[in-house]
Amino acid sequence: MSKVRIGIIGSRFQADCIAHSVKMMPDEMEVVAVASPSPGNAERFAKQHGVARAYSDYREMLRDPAVELVSITAPNRLHAQITIDAAAAGKHVVCEKPLCVTLEEADAMIAACKAAGVLLLYAEELFFAPKYVKAKQMADEGAFGRVHLVKQGEKHSGPHSDWFWDVDQSGGGALMDLGCHGIAFCWWFLGKPNVRSVYAQLSTRVHRGRTEGDDEAITIIEFEGGATGVVENSWNRPGGMDDSIEVFGDKGQTYADMLMGNALPTYSEVGFGYAVEKAASTKGWTYPVFEEHWNYGFPQEMRHFARCVRGKETPISDGETGRVVQEVLYAAYASAGLGQKITFPFHPKGIAKPIDLWKKPELARAALR
Ligand SMILES: NC(=O)c1ccc[n+]([C@@H]2O[C@H](COP(=O)([O-])OP(=O)(O)OC[C@H]3O[C@@H](n4cnc5c(N)ncnc54)[C@H](O)[C@@H]3O)[C@@H](O)[C@H]2O)c1
């Protein structure tokens, strides 16, 4: 298979992750270009990762015939426009989570990629995380009998870039940022059933001075077939990223802790370079992870997407996946605004961003009529 040629849009946190992950699968793909608007950033990134071309405007990169697929690692509010521009340029798209900010954007992205005959791939790495994949394989084999409860939690001390805290740029708080993983995970784990209802409890407990967004979120999803998903998210858990699952059936259960469960319990009085994402210190007791990107599933995710571009695999995560997540995000914010369970279908129109359904419950109420 000839290597899939990737252009990355963005040059910071997730761009680094994608560049490292692509390098781990050198037979399948390579990064040939990067685009990022801050002066000097694209060049710095290109030098650091051995990428041939650097652009300050992604639209210029979209004209580069060497690029077949773009990986969008720009802030959430830009995902839709970049996807639509990339599709018009005939490039396949890998879009980071969340797919976008509004449901209208999701529809426009899906339609643009369909019309252009390009793939819209939704980057949910938890579908590829080896520990979680093993849990799903066991569940599918029947190891736990009939699974009735799936829990996923992702929690840390708060995002690294300012735009996440600005709900006009992000669309919401911890639920939007981290809950999109758990919503996708529960849905995928249970075999992609339709959603019956959503209930959520949201609050801003610690970071009121910094954000209007939720920094604590608990979401309960009822699926057709009777299983429940519980998603717990926080921007208030110091000590490094925490990502874990629990699965319960009538014949058994399993627990998987992706990071601390793949770490070396370590004590150091002097500290060392790096323990885990979002850990503030490496002194005292810490849980340094090894093969962090691999344990998350990023290289495996990008390999799958490259193979989809070559027609060798069928996408297990696409624009429709991102849209399902977006619908649940809308319902969760509306539920928290109204203090009630939201039953599906729930399709509020003309909402500027999901968090508005929490902050302005009248918008949510109008959508129920
Ligand atoms: N899958 C995951 O686990 C995961 C992890 C982190 C981030 N993400 C997602 O990836 C996206 C980026 O997050 P991040 O943590 O890398 O943020 P970041 O702030 O570290 O980086 C954002 C990048 O986007 C660039 N950018 C801004 N405007 C741009 C434009 N007009 N054109 C091109 N580039 C532009 C910035 O210059 C910067 O390089 C977000 O949507 C985030 O939710 C996903």
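Being a predicted model, the structure only gives us computed values, none of them experimental.

A.B. asks: Describe in detail the pairing of strand β5 (residues 92-96), supporting the description with residues and values.
C.D. replies: Burial within β5 is extensive, with five of its five residues counted as buried. Alternating positions in β5 separate into two faces, H92, V94 and E96 on one and V93 and C95 on the other, with burial throughout. Where strand β4 (residues 69-72) meets β5, four bridges bridge the pair, whose relative direction is parallel. Bridge pairing in β5 links V70 to V93.

A.B. asks: Any chance you could break down the site of the ligand for me, citing the residues and the numbers?
C.D. replies: Around the ligand sit 26 residues in total, of which Q14, N76, K97, H160 and S161 are the nearest. In this structure, S11 approaches the ligand through a main-chain N or O atom, which is 2.8 Å from an oxygen atom. Within the side chain of E125, an N or O atom sits 3.0 Å from a nitrogen atom of the ligand. For the ligand, whose accessible area on its own is 840 Å², the fraction buried by protein is 89%. Contributions of two or more residues to the shell around the ligand are made by α1 (13-23) and α7 (162-165). Among the residues forming the shell around the ligand, the class breakdown is eleven nonpolar, eleven polar and four charged.

A.B. asks: A description of helix α5 (residues 103-116) should follow, citing residues and the corresponding values.
C.D. replies: If you check α5, its first and last C-alpha atoms are 20 Å apart, about what 14 residues at 1.5 Å a residue would give, namely 20 Å. When α5 is considered as a whole, its buried residues turn out to be L103, A106, M109, I110, A112 and C113. Where α5 ends, the next residue or the one after it, G117, has phi of about 70 degrees, a positive value.

A.B. asks: Explain the pattern of salt bridges to me, and be specific about the residues and the numbers.
C.D. replies: Counted by the stated rule, this structure contains 20 salt bridges. For the salt bridge of R323 with D107, the shortest nitrogen-to-oxygen distance reads 2.6 Å. Residue R323 is found in helix α12 (residues 319-338), and its partner D107 is found in helix α5; the two are separated by 216 residues along the sequence. Look at R323 and you get buried, because its relative accessible area is 17%.

A.B. asks: Give a description of the packing of aromatic side chains that names residues and reports values.
C.D. replies: Applying the stated criterion across every chain yields a total of eleven aromatic pairs. Ring geometry for F128 versus F305: centroids 6.3 Å apart, planes at 75 degrees, classification edge-to-face. Remark: F305 occurs in helix α11 (residues 298-309) and F128 occurs in the loop between β6 (120-123) and α6 (130-141); sequence separation between them is 177 residues. A residue is classified by how much of its surface remains accessible, and F305, at 0% relative accessible area, is buried. Both rings, one in Y132 and one in F185, keep their centres 5.3 Å apart while their planes meet at 65 degrees; by these two values the pair is edge-to-face. Linking Y132 in helix α6 with F185 in helix α9 (residues 174-189), this pair joins segments that are 53 residues apart in sequence.

A.B. asks: Tell me about the sheet that holds strand β3 (residues 53-55), and name the residues and values.
C.D. replies: The strand order β3-β2-β1-β4-β5-β6 describes an open sheet built from six strands, whose pairing is parallel. Each edge of the open sheet carries a strand with a single partner, namely β3 and β6. Averaged over all neighbouring strand pairs, the angle between strand axes comes to 25 degrees, with direction disregarded. Note: strand β1 (residues 4-9) against β4, four bridges, orientation parallel.

A.B. asks: Account for unusual backbone geometry, with residues named and values stated.
C.D. replies: The peptide bond linking K97 to P98 adopts the cis configuration, its omega dihedral lying at -20 degrees. Looking at where P98 falls in the secondary structure, it is placed in the loop between β5 and α5. Here the residue pair F344 and P345 is connected by a cis peptide bond, since its omega of 0 degrees sits within 30 degrees of zero. Inspection of the secondary structure puts P345 in the loop between β15 (342-343) and α13 (356-359).

How each quantity is defined
- Residues numbered from 1 in each chain as written.
- Predicted model: local features only at pLDDT ≥ 70, side-chain atom pairs only at ≥ 80, totals over all residues.
- Heavy atoms only, no water.
- Buried < 20%, exposed > 50% of the residue type's maximum accessible area, 1.4 Å probe, protein only.
- Helix = DSSP H or I, 4+ residues; strand = E, 2+ residues; numbered from the N terminus.
- Pairing = 2+ DSSP bridges.
- Near = heavy atom within 4 Å.
- Polar contact = N/O pair within 3.5 Å; in protein donor to acceptor, adjacent residues only side chain to side chain.
- Areas by Shrake-Rupley, 256 points an atom, 1.4 Å probe, with all protein chains shown as cover.
- Nonpolar A, V, L, I, M, F, W, Y, C, P; charged D, E, K, R; others polar.
- Expected span 1.5 Å × (residues − 1).
- Salt bridge = Lys/Arg side-chain N within 4 Å of Asp/Glu carboxyl O.
- Phe/Tyr/Trp six-rings, centres within 6.5 Å; stacked < 30°, edge-to-face > 60°.
- Axes fitted to C-alpha atoms, helices over the stretch in contact; angles between N-to-C directions.

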